[in-house]
Amino acid sequence: MAAGQGGKGHVIKGIHRAMDNFKYEVARELNIPVYQGSEDYWGNISSRDCGAVGGHMVRKMIEMAEKQIGGK
């Protein structure tokens, strides 16, 4: 999440940290060189790579939801 959002607007209180961890997990899977604790500065990462992280996050969340709904 971008700096300054501070987790506001999330439906589940405290979810900001979990989503941040998820973002960095996906970035690692895609071999994108960002590291947790870098204060969310991704200015040296291309827009394409940043978008790939977001896209893969959404894909994984949809897969998790489908498994949960399907009872698997």
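To start, this report covers the structure provided alongside it.

What follows deals with the packing of helix α1 (residues 15–29) against helix α2 (residues 47–70). Running from amino to carboxyl end, α1 crosses α2 at an angle of 110 degrees, the nearest separation of the two axes being 9 Å. One element, α1, and the other, α2, form an angle in the roughly perpendicular class. The two elements α1 and α2 meet at a crossing, and its hand is right-handed. Seen from α1, the contacting residues are Met19, Phe22, Lys23, Glu25, Val26, Ala27 and Glu29; seen from α2, they are Val53, His56, Met57, Lys60, Met61 and Met64.

A word on the nonpolar core. Counting residues in each nonpolar core, the largest one holds ten residues, listed as Phe22, Tyr24, Val26, Ala27, Ile32, Val34, Trp42, Ile45, Val53 and Met57. Of all the secondary structure elements, the ones that give two or more residues to this core are α1 and α2. No other element matches the four residues that α1 contributes to this core.

With that out of the way, let us pick up α2. Here α2 is 24 residues long and its end C-alpha atoms lie 34 Å apart, about the 34 Å a rise of 1.5 Å per residue gives. Two residues or fewer after α2 comes Gly71, characterised by a positive phi angle close to 75 degrees.

Bringing the pattern of salt bridges into the picture now. On inspection of all chains with the given rule, the structure shows two salt bridges. Across the pair Asp20 and Lys23 runs a salt bridge whose closest N-O atoms are separated by 3.0 Å. Placement of both Asp20 and Lys23 in helix α1 is noted, with a separation of three residues, approximately one turn of the helix. In this structure Asp20 comes out as buried when scored by relative accessible area, which is 13%. With a relative accessible area of 10%, Lys23 lands in the buried category.

Time to look at a nonpolar patch on the surface. Taken together, the side chains of Val58, Met61, Ile62 and Met64 present a nonpolar region at the surface, about 340 Å² in accessible area. Here Met61 is to be found in helix α2. Using a relative accessible area of 32% as the deciding quantity, one classes Met61 as partly exposed.

Here the focus is α1. For α1, with 15 residues, the first-to-last C-alpha span of 21 Å sits near the 21 Å given by 1.5 Å per residue. If you check which residues of α1 are buried, you get Asp20, Phe22, Lys23, Tyr24, Val26 and Ala27. Buried positions along α1 lie against α2. Where α1 ends, the next residue or the one after it, Asn31, has phi of about 55 degrees, a positive value.

Reading the values: the criteria
- Residues numbered from 1 in each chain as written.
- Predicted model: local features only at pLDDT ≥ 70, side-chain atom pairs only at ≥ 80, totals over all residues.
- Heavy atoms only, no water.
- Axes fitted to C-alpha atoms, helices over the stretch in contact; angles between N-to-C directions.
- Helix = DSSP H or I, 4+ residues; strand = E, 2+ residues; numbered from the N terminus.
- Parallel < 35°, antiparallel > 145°, perpendicular 65-115°, else oblique.
- Left-handed = near helix turned anticlockwise from the far one by under 90°.
- Contact = heavy atoms within 4.5 Å.
- Core = buried A, V, L, I, M, F, W, Y, C linked by side-chain atoms within 4.5 Å.
- Buried < 20%, exposed > 50% of the residue type's maximum accessible area, 1.4 Å probe, protein only.
- Expected span 1.5 Å × (residues − 1).
- Salt bridge = Lys/Arg side-chain N within 4 Å of Asp/Glu carboxyl O.
- Patch = residues over 30% accessible without salt bridge, like charges linked within 9 Å, V, L, I, M, F, W, Y side chains within 5 Å.
- Areas by Shrake-Rupley, 256 points an atom, 1.4 Å probe, with all protein chains shown as cover.

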